[in-house]
Amino acid sequence: MTGKPTAADWQAAASKEVKGKDLTWHTPEGIAVKPLYTAEDVADIDPGLPGFAPFTRGVRASMYAGRPWTIRQYAGFSTAEESNAFYRRNLAAGQKGLSVAFDLATHRGYDSDHPRVVGDVGKAGVAIDTIEDMKILFDGIPLDRMSVSMTMNGAVIPILAFFIVTGEEQGVPQALLDGTIQNDILKEFMVRNTYIYPPEPSMRIISDIFAYTSANMPKFNSISISGYHMQEAGATQVQELAFTIADGMEYVKYGVASGLDIDKFAGRLSFFFAIGMNFFMEVAKLRAARVLWHRVMTRLGAKDERSKMLRTHCQTSGVSLTEQDPYNNVIRTTIEAMAAMLGGTQSLHTNALDEAIALPTDFSARIARNTQIVIQEETGMTKVVDPLGGSYYVEALTQELVDKAWEIIERVDAEGGMAKAVAAGWPKAMIEEASAARAARVDRGEDVIVGVNKYRLADEAPIDILEVDNHAVRDAQIARIKRVKAERDEAACQAALDALREGAKGTGNLLALAVEAARARATLGEISAAMEAGFGRYETVPSPVKGVYEAAHLDDARWARLKDGVEATARRIGRKPRMLVAKMGQDGHDRGANLVSSVFGDLGFEVVPGPLFQTPPEAAALAVAHGVDVVGASSLAAGHKTLIPELIAALKDAGRADIKVIAGGVIPAQDYDFLRDAGVQAIFGPGTNLVSAAEEVLRLLGHNLPPLEEAAE
């Protein structure tokens, strides 16, 4: 060879080395990733400079060379006292901002004494029922000097009102409050499901918060538009990117329609993305998001460049964490943290190694926090602004993501916006199809998860986990609710609630009215109920996708044997075997439940997808009414030790102790014996191969599958 090697020369050399094998990687996003990128691939791409439109390379000219991202760990559990102590320890150890996790009762607008939330109080976040809880949560934490992020959507009005009044009673005026409220309800209707009210009044709530914060809280971000929960629900990065930007478009349109000047509120909008294990895809996703938001806001008429600047918080993936061989999670989180940093995030939460099965312990939380501190302090990675800028691969991948996401955004826009798309259900269906396809690839070993479907340990030692005493927390919360109600001016409180109730039926600013109710010591449940009187409470029933899992197993002998087993069982009992997939408690994460419904439905079971947010007696009544053979109880929020035994007791009381109960989801191995003693007949923890789970269920129903060799004959 003479002269400089060309791309064609490389292709010939690589092809020879791999004996002609095509090295192109086809990602779940539908992107064909080549094994080599050159200057030709980026000849028409100009990423610009950091701090300048369209902000591909970062929103600040100096980026981390001037100031590193904020270490903002998401935490909250048990009582306000416990969470406050945890926050203060973390702040003393180097954390820079707070991010509050609320329990599911709070998310859904219920006080801790409500009968629907018996198993949820304090389990997956901190219980906040009154202004007194919020004051304790931030005791000793000066709100004029601390940036506070709050992940709250359904009960956003009472929570933000409590935060405002807590600041007042600390002596901090609203104008000095700094932080972010998530306030992203469209995402809830798509994937996370911690909504309270129907879509239309929910969008009004967002507009009212925009108006109030624009007038009174100039340092506070009035919304954090979240793609995180989309990826956690199974969305590809293209879907997460497109639907998040489209959600942002919708919120801006609603704000403008309510009479706000776009440049008066758009600069206080922020975003929240998940960071998974596809390293370069995640880096490119954050860069593409900034390009897309600049394009969208320009088209919507924004003039101020700050209005067009996408600022984002990121969190490492919860879905990538594994129960099996959990110390691998430290490695995963480190890789994901580096992707977020190299993509240009403004703040970051790093998950702890034990979060696949429980809330983090102090030990695991310290490792998670120090992951960020080590990157900032020891690696030199912050010394150069956008160190991956100009990479042939990263720049080409960024453009590919921009183009593919834009196609979806244009479809949303053509069909009337994201609120209409969510009502039509196609974004949710698209995400669920991607989720089922991903699960099938993992079960088949096509997507490798180290320690789960490859390199599995023969024996795994249990790790220490944090367990919250749900009953003790609930008792303490109920006592405080009673005390607050006994000490308040009842007439003033009821007058404030009446005004809020009328405002929900009319046009008053809901946040302003709720602030008055919070000052009068109304509880979170009372404020939520006052708005519910005007809006109603929204309910949905899951509709699992069909055919995706089966399509991935058409050539799989094990799958064929299972289908034969289901058919044999149907012949024996005279009908298809019947399963209720039950979601009890206030946890709206339904990815696992929907996957189970999809898999068993594709195998030939008659699946009854239970509605979200059932109580154990309601789930038992549904099981009896449909004459099911088995109930699959899906648990993700640590309520299993309360809710599942109650379900089994309710089935016995109904004379149907013969209905078999199985459990799946985020259930620590330490709890398995407790559940078995309560009557659970099979337990499927995180990372379970769903084909294997189906085999076990068939055995429980009395069908012993032949070995694969016999089935093949």
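Residues numbered from 1 in each chain as written. Predicted model: local features only at pLDDT ≥ 70, side-chain atom pairs only at ≥ 80, totals over all residues. Heavy atoms only, no water.

Undergrad: Explain the pairing of strand S15 (residues 660–665) residue by residue, including any values.
TA: S15 sits mainly inside the fold: 5 of its 6 residues count as buried. Alignment of strand S14 (residues 630–635) against S15, held across 6 bridges, turns out to be parallel. Each bridged residue has a counterpart across the sheet, and for Val 630 the counterpart in S15 is Lys 660. Handedness of the crossover is the feature at issue here: the chain leaves S15, passes through helix H27 (residues 672–678), returns alongside strand S16 (residues 682–684), and the resulting connection is right-handed. (Buried < 20%, exposed > 50% of the residue type's maximum accessible area, 1.4 Å probe, protein only. Helix = DSSP H or I, 4+ residues; strand = E, 2+ residues; numbered from the N terminus. Pairing = 2+ DSSP bridges. Right-handed = clockwise from strand over helix to strand, strands pointing away.)

Undergrad: Hey, could you go over the packing of aromatic side chains for me, with residue numbers and the actual values?
TA: Centre-to-centre distance and the angle between the planes together describe a pair of aromatic rings. Here the structure, examined in full by the defined rule, presents 17 aromatic pairs. Here Tyr 197 and Phe 535 contribute two aromatic rings whose centre-to-centre distance is 5.5 Å and whose plane-to-plane angle is 75 degrees, an arrangement assigned as edge-to-face. Of this pair, Tyr 197 sits in the loop between helix H7 (185–192) and helix H8 (199–216) while Phe 535 sits in helix H21 (residues 524–535), and the two are 338 residues apart along the sequence. Phe 535 matches Tyr 197 in its accessibility class, with the two residues each being buried. Here a set of aromatic residues connected by ring pairs shows up, and it is made of Tyr 37, Phe 279, Phe 280 and Tyr 393. Across the ring face of Trp 406, the terminal group of Arg 295 is positioned such that the distance to the ring centre comes to 4.7 Å. For Lys 641, the ring lying beneath its charged end belongs to Phe 674, and the centroid distance is 5.0 Å. (Phe/Tyr/Trp six-rings, centres within 6.5 Å; stacked < 30°, edge-to-face > 60°. Lys NZ or Arg CZ within 6 Å of the ring centre and 35° of its normal.)

Undergrad: Can you break down the pattern of salt bridges residue by residue, with the values?
TA: In total, this model carries 46 salt bridges according to the counting rule given. Put simply, Glu 168 and Arg 519 hold a salt bridge, and the shortest N to O gap is 2.5 Å. Residue Glu 168 is located in helix H6 (residues 156–170), and its partner Arg 519 is located in helix H20 (residues 510–519); the two are separated by 351 residues in the primary sequence. Taking relative accessible area as the criterion, Glu 168 reaches 28% and is therefore assigned partly exposed. The shortest N-O distance in the salt bridge between Lys 563 and Glu 550 comes to 2.7 Å. Separated by 13 residues along the polypeptide, Lys 563 in helix H23 (residues 557–573) and Glu 550 in helix H22 (residues 548–551) bring together distant segments of the chain. Take Glu 550: its relative accessible area is 22%, and that puts it in the partly exposed class. (Salt bridge = Lys/Arg side-chain N within 4 Å of Asp/Glu carboxyl O.)

Undergrad: So what's going on with the side chain of Thr 180? Residues and values would help.
TA: Topologically, Thr 180 is positioned in strand S6 (residues 178–181). One polar contact links Thr 180 to Asn 221, side chain to side chain, over a distance of 2.9 Å. (Polar contact = N/O pair within 3.5 Å; in protein donor to acceptor, adjacent residues only side chain to side chain.)

Undergrad: Can you break down the sheet that holds strand S12 (residues 578–582) residue by residue, with the values?
TA: Reading across from one edge, S13-S12-S14-S15-S16 is the order of the 5 strands in this open sheet, with parallel pairing throughout. Two strands in the sheet have a free side with no partner beyond their single neighbour: strand S13 (606–609) and S16. Taken over all neighbouring pairs, the strand axes of this sheet differ in orientation by 20 degrees on average, direction set aside. Across the sheet, helix H24 (residues 591–603) touches S12, S13 and S14, and the angle it forms with S12 is around 170 degrees. (Axes fitted to C-alpha atoms, helices over the stretch in contact; angles between N-to-C directions. Contact = heavy atoms within 4.5 Å.)

Undergrad: An account of the environment of Ala 396 is requested, with residue identities and associated values reported.
TA: Its location among the elements puts Ala 396 in helix H15 (residues 392–414). If near-sequence neighbours (up to four positions away) are discounted, Ala 396 is found in contact with Tyr 37, Asp 41, Val 42 and Ile 45.

Undergrad: Got a sec to walk through a nonpolar patch on the surface? Specific residues and values, please.
TA: On the surface, Val 448, Val 450 and Tyr 455 cluster together to form a nonpolar patch covering roughly 290 Å² of accessible area. Along the chain, Val 450 falls in the loop between helix H17 (426–443) and helix H18 (470–487). We classify Val 450 as partly exposed; its relative accessible area is 37%. (Patch = residues over 30% accessible without salt bridge, like charges linked within 9 Å, V, L, I, M, F, W, Y side chains within 5 Å. Areas by Shrake-Rupley, 256 points an atom, 1.4 Å probe, with all protein chains shown as cover.)

Undergrad: I'd like to hear about the pairing of strand S4 (residues 97–100), residue by residue, with values.
TA: Consecutive side chains along a regular strand alternate between the two faces of the sheet. Side-chain alternation along S4 places Gly 97 and Ser 99 on one buried face and Leu 98 and Val 100 on a second face that is also buried. Across 3 bridges, the pairing between S4 and strand S5 (residues 147–150) is parallel. When the sheet's bridge partners are listed, Val 100 is paired in S5 with Met 150.

Undergrad: Tell me about the packing of H6 against H21, and name the residues and values.
TA: Taken N-terminus to C-terminus, the directions of H6 and H21 make an angle of 135 degrees; their axes are 9 Å apart at the nearest point. One way to sum up the angle between H6 and H21 is to call them oblique. With respect to the hand of their crossing, H6 and H21 are arranged in right-handed fashion. Along the contact surface, H6 presents Ile 157, Pro 158, Ile 159 and Phe 162, while H21 presents Leu 524, Ile 527, Ser 528 and Met 531. Grouping the constituent residues of the contact of H6 with H21 by class yields 7 nonpolar, 1 polar and no charged. (Parallel < 35°, antiparallel > 145°, perpendicular 65-115°, else oblique. Left-handed = near helix turned anticlockwise from the far one by under 90°. Nonpolar A, V, L, I, M, F, W, Y, C, P; charged D, E, K, R; others polar.)

Undergrad: Just give me the short version of helix H13 (residues 328–343), but keep the residues and values in it.
TA: Between its terminal C-alpha atoms H13 stretches 23 Å, which fits the 22 Å expected from 16 residues at 1.5 Å a residue. Here H13 has its buried residues at Asn 328, Asn 329, Arg 332, Thr 333, Glu 336, Ala 337, Ala 339, Ala 340, Met 341, Leu 342 and Gly 343. Backbone geometry just after H13 places Gly 344 at a positive phi near 95 degrees. (Expected span 1.5 Å × (residues − 1).)

Undergrad: Can you tell me about the environment of Ala 593, naming the residues and giving the values?
TA: Structurally, Ala 593 is set in helix H24. Sequence separation of Ala 593 and Asp 403 is 190 residues, and the distance between their C-alpha atoms is 33 Å. Among residues more than four places away in sequence, those in contact with Ala 593 are Val 581, Lys 583 and Ser 634.

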